[in-house]
Amino acid sequence: MICSNKAVARFLAVAAFALSASFAAQAQTKPLLVTHRIDDNDRVTLSGNTRPEANSKNDIGLADDDTQLDHMLLLLQRPPALEAQLEQFIDNLHNPKSASFHKWIGAAQFGATYGPAQSDINAVTAWLESQGLTVNLVYSNNMFIDFSGTAGQVAAAFHTEFHNYQVNGETYFANSRDPQIPVALAGVVKGVLYMHNFKPKALHQRIKQAHIDARSGAFQTEYTPGNNTLPIVPWDLQKIYNIAPLLSAGISGQGMKIVVVEDTNQWNCNPTNTVGPCSSTTSDWAVFRNILGLGRYTAGSFSEENPGPLTTNTCTKPSTGGGYPAGSGINGDDSEATIDAEWATAAAPSAAIINAACANPRGGFGGLTAIQNILNHPNADHVDVISMSYGESEELTGATLNAAFNSTFQQAVAAGIGIFVSSGDEDAASSDGGGSTCAGGFPGSGCAKDGITISGWMSSPYDVSVGGLDFADTYLGVNSTYWNAANNIFYGSAKSYIMEQPWNDSCAGGLLSTFLTGSPVAYGSSGFCNTPTGENFLLAVGGSGGPSACATGAVTVRGVDGGTCAGWAKPTYQSAYLGTMAGLKNDGVRDTPDVSLMAANGLWGHYYVLCYTDTTPTGVSSGGIPSCTAVPPSAWAGFGGTSISSPIMAAIQALVVQHKGSLQGNPNPRYYALANAEYGPNGSAACNSANGNGVSSSCIFYDVTLGDNLANCQAHSGGTKYNCYLPSGLIGVLSTDNNSFQPAYLTGTGWDFGSGIGSVNAYNLVMSY
Amino acid sequence: MKKILLLLVLLSLSPLALASTFTLNFEQYPEFTQIVGQYEAEDIVFGNAMQLVAPDYNYFDYPPHSGSGVLTDDPNDPLGFGFITPVTDVSGWYSDPYGVTAIAFGFYGNVLGTFTGAPVIGADSEFTLDPEGGIYDIVLIDSSQTPDFLTLDDLTYTETPEPGSLLLLGTGVLGLVGTMRRKLRR
């Protein structure tokens, strides 16, 4: 049959019309959100959009009106009924019994179906332009508008002011009060990003100095490289979490694309400092792979991308800073980028790892722009999973950015892409970011003072929150059962799965206290945290987890849950198993983490090695070493943090996707269904992590029942205690009740805030998914 | 007649003259290459053998005896090698924190000899096998029986005459003896 070009053109035109008519028909059913004439004098405040640090105490004056604010984002919102439809649609996408099961939708369909009506979007863009602002791009999802202007123009448009603030010796730029928009736009505009330049925290921790010697069990105040530690290399990871049989079976990530979201380019990736394939065979990534045995998976690749949508480039090379080569796009977050790239390839060595980074907009996280650009690229750039290792508490992140992540992750899972985010490295005290200095003469210490808070970057129901664990062999004194005395050719020495406990560097941790004093009691004047030895562990550092509490609304005290705060509603994949799966909390909100993996930074001798040769700008004290080939990995940089467990879990999910042969969307519905079947209402004795090498070979998840993620605490400035049990002494322990010890949080049978579902047997997960 | 006899003697001794000694230093192939039949020209094939090249492996604990290349037992233990022509006087250098057992097999899979090597790490140690009879196969078993804890370098072996060649040699000698006896009778 001859098919003329004209016929093809006619067919394509008809098809395009049908498609647009279909989208239009859907769009026509949407209620309009802009129903009144826009009156610039009739304003409504977008509350919860002022940084707590932007106060008179820190204020050092007005910012320059001419400061250029590029690539700001206006986050839109859909009508409540449409939001409910989207949530149901996403549930259906993940329900095997639904006709919509796995019928993923791309950005254009997502925007046309679940974005605000086009006339509403037109009204918003017209208003922005009427304020003298430049609209760069309306993303295909119809939920984000990229715009630019000067600080003076933005301040005038949103009826706020930009000031400079001095906080802890650093100068920041932020709006001094919540932005306002015309009342007529209130239904469609959710908020403005970014009106400040307070950066998020990269969720990794360098090796902890005070630690327990893994071989002798002795307390030591300083860490000596290679001295009786049990650093984790890829071979160990593959052995412990049973990834190795997958690799042997040819499931090592071939054809998979794993994006690690960053705000920096990689150190030592490409000598020419150009974006693209990491071509240098002497790059840290390549050396890490070769020395540690991953080089045999020759399909594995690594590249840098500064992803932009097809039309307007909203992504520029990340800003250079801190003494790095001009134009390199490298800044002080490059250790985070190295961690993510090296440990993602450790679990899926044949996958393509992509460092996706955009410059931080003047005030903001370029990683969000990078994700937006990937998702709104046609076919979402063929990405399978995305991992992000940054975070900040819901209370500090603010309602708009919390909503922005939630909206972004909704779109990702609707497109079939799995999102993995670090749960945080601050125990259940994310606002404190590791702990504010403890009062009473404890320099260099950290105490939780803001109460129980979790990261707003991972609390969305549409991502997998990945928590942090440690191995319990040192605590139990059974190192030799689980580790060979000698390293093998790839520096591996693990013998099997090892029993686990939450990663927790705090003196409040019951296992540490018990190990050193014989008593788990850390609070009170004679409690461990109030002893000279305990002072070495005054840190709110460990795997984070807790209930979502301030995803929406605004706080009244900086960083503290309260005011009009409310958490994300409990997702179906958690609520569906209340009563049938041990440990799930009937608290009405999204609980975190979902799953956890090893993330310790050396307290009990376990940490991850990293080939990281950046000694800029402060020499090797910045974490890197000059060469990875001249010394064994025990002398390399060492890190812990949920920034490592997240890319590893994302990579394991990439193996799931490879084995299934198609995108799987949000893994949580399946993870929880499998966990529900394994644990049941009473938990699974056979899959209790405490069994160590005696755990059943059929377990998909290992239920962590030992330990806690308790943090040491003190009263907030002003004397008010928030979730701090402090009956006597200077240091207390995080508790859901100030007046009685209600630990926040312990592990237990089934799901818990310390470890979520627990850790995984990767082979069984992939085969059972 | 004398010329014929001389030719017969030369022919019968030729297998001895052709017997070769090989030393494989494992420097020829890129790292992570699975070594199977790449050394067929040297009359040897390998099983569970992977090429490593320092510094891209743990060369601190498993140093090469020479150069930068070694073999390891991967993906499984034991590392094995078979000879196309039987050999004798086999030796090599190993590193293994648990020690090794090297077993030599004959044509029928019969054990010809065993070498038990002590644990060695951070250095290397020599193993030798020189049993009676031609060796057709050798397996090098790591005592932990776990792959990736053994390296091998500078493998040396000497080929022995094949049975057919030995038969030819015997015939030649017999012919020579017969000729000598005839000369003596005259």
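What you see is a predicted model, and the numbers here were worked out from it, not measured in a lab. Counting restarts for each chain, with residues numbered from 1 along the sequence as it is written. Chains and ligands are labelled by the order in which they are written, letters from A for the one and numbers from 1 for the other. Per-residue local features of the predicted model are confined to residues with pLDDT of at least 70, and side-chain atom pairs are confined, for both listing and counting, to 80 or more; whole-chain, interface and lining totals are unaffected and use all residues. Derived side-chain values reflect all non-hydrogen atoms in the structure, with water molecules and hydrogen atoms excluded from consideration.

**Section: the overall build of chain A**
To keep things clear, this is the line we draw: Strands are runs of DSSP state E lasting at least two residues, helices are runs of H or I lasting at least four, and both sets are numbered from the N terminus onward. Two things to know: the radius of gyration comes from C-alpha atoms, and the globule rule equals 2.2 Å times the number of residues to the power 0.38. We call a residue buried when its accessible area falls under 20% of the maximum for its residue type, exposed when it is over 50%, and partly exposed in between, using a 1.4 Å probe and counting protein chains only. Note on contacts: a residue pair is in contact if any heavy atoms of the two residues lie within 4.5 Å. Here, Shrake-Rupley sampling with a 1.4 Å probe gives the accessible areas, and only protein chains in the shown set may cover a residue. His is not counted, nor are the chain ends, whereas Lys and Arg count as positive and Asp and Glu as negative. A single reference atom marks each charge: NZ on Lys, CZ on Arg, CG on Asp, CD on Glu.
Helix and strand counts for chain A stand at 19 helices and 31 strands. Radius of gyration (C-alpha) of chain A: 25 Å, near the 27 Å computed for a compact globule of 769 residues. In terms of its C-alpha atoms, chain A occupies a principal-axis envelope of roughly 75 × 75 × 55 Å. In chain A, buried positions account for 63% of the 769 residues. Contacts spanning at least 24 positions in sequence make up 76% of the contacts within chain A whose residues lie at least 6 apart. For chain A, the exposed surface amounts to about 24,800 Å²; the carbon and sulfur share of it is 52%. Charge-centre separation for chain A: the mean point of 32 positive side chains lies 7 Å from the mean point of 57 negative side chains.

**Things to note about the state of the cysteines**
Residue and element names in this part refer to chain A. Inclusion rule: Pairs of cysteine sulfur atoms within 2.5 Å are what we label disulfides.
Taken as a whole and judged by the stated rule, the model has eight disulfides over all chains. With its sulfur 2.4 Å from that of its partner, cysteine 269 forms a disulfide with cysteine 278. Each member of the pair cysteine 269 and cysteine 278 is classed as buried. One disulfide in the model links cysteine 611 with cysteine 628; its S-S distance is 2.3 Å. With the S-S bond torsion at 110 degrees, the cross-link from cysteine 611 to cysteine 628 turns out right-handed. One end of the pair, cysteine 611, is in the loop between strand E25 (608-610) and strand E26 (637-640); the other, cysteine 628, is in the loop between E25 and E26, with 17 residues separating them in the sequence.

**Here's the deal with the packing of aromatic side chains**
In plain terms, the rule: Pairing of aromatic side chains here covers Phe, Tyr and the six-membered ring of Trp, requires ring centres within 6.5 Å, and sorts the geometry by plane angle: under 30 degrees stacked, over 60 edge-to-face, intermediate tilted.
Enumeration over the complete set of coordinates arrives at 46 aromatic pairs over all chains. Geometrically, the ring pair formed by A:Trp285 and A:Phe302 is stacked, given 5.3 Å between the ring centres and 25 degrees between the ring planes. Taken together, the residues A:Trp285 in helix H8 (residues 284-291) and A:Phe302 in strand E15 (residues 301-305) connect sequence positions 17 residues apart. In terms of burial, A:Trp285 and A:Phe302 fall into one category: buried. Plain terms: the ring middles of B:Tyr39 and B:Phe46 are 6.0 Å apart, the flat faces sit at 70 degrees to each other, and that makes the pair edge-to-face. The exposure class assigned to B:Tyr39 is buried, which follows from its relative accessible area of 3%. The buried category is assigned to B:Phe46, whose relative accessible area is 6%.

**Thoughts on the pairing of strand E20 (residues 464-471) of chain A**
All names here are of chain A. Quick reminder of the rule: Strand pairing is defined by DSSP finding a minimum of two bridges between the two strands.
When you tally the buried positions in E20, you get eight out of eight residues, the bulk of the element. Here E20 shows a buried face lined by Val464, Val466, Gly468 and Asp470 and a second buried face lined by Ser465, Gly467, Leu469 and Phe471. The sheet contact formed by strand E19 (residues 418-422) and E20 spans three bridges and is parallel. The partner of valine 421 across the bridge, within E20, is serine 465. Relative to strand E24 (residues 595-598), E20 runs parallel, the two being bridged by four bridges. Following the sheet pairing, glycine 467 is matched in E24 by serine 596. Across three bridges, the pairing between E20 and strand E21 (residues 500-502) is antiparallel. The residue of E21 that forms the bridge with phenylalanine 471 is glutamate 500.

**Section: the pattern of salt bridges**
Residue and element names in this part refer to chain A. Where we set the bar: By salt bridge we mean one thing: a side-chain nitrogen of Lys or Arg within 4 Å of a carboxyl oxygen of Asp or Glu.
Inspection of the entire model under this criterion finds 10 salt bridges over all chains. The residue aspartate 450 makes a salt bridge to arginine 558 at a minimum N-O spacing of 3.8 Å. Separated by 108 residues along the polypeptide, aspartate 450 in the loop between E19 and E20 and arginine 558 in the loop between strand E22 (546-547) and helix H16 (572-575) bring together distant segments of the chain. Residue classification places aspartate 450 among the buried positions, given a relative accessible area of 5%. Take arginine 558: its relative accessible area is 34%, and that puts it in the partly exposed class. Between lysine 570 and aspartate 591 there is a salt bridge whose closest N-O contact spans 2.8 Å. Linking lysine 570 in the loop between E22 and H16 with aspartate 591 in strand E23 (residues 591-592), this pair joins segments that are 21 residues apart in sequence.

**Some points on the environment of A:Asn666**
Residue and element names in this part refer to chain A. Basically, it comes down to this: In the analysis that follows, any N or O atom pair within 3.5 Å is treated as a polar contact, provided that within protein one partner can donate a hydrogen and the other can accept it, and provided that, for residues neighboring in sequence, both atoms belong to side chains.
Note on placement: asparagine 666 falls in the loop between helix H17 (642-660) and helix H18 (668-679). Sequence separation between asparagine 666 and isoleucine 90 is 576 residues; the distance between their C-alpha atoms is 9.0 Å. Excluding anything up to four places from it in sequence, asparagine 666 contacts His94, Val413, Pro461, Tyr462, Asp463, Val464, Tyr573 and Tyr769. Among the polar contacts made by the side chain of asparagine 666, one reaches the main-chain carbonyl oxygen of proline 461 at a distance of 3.4 Å.

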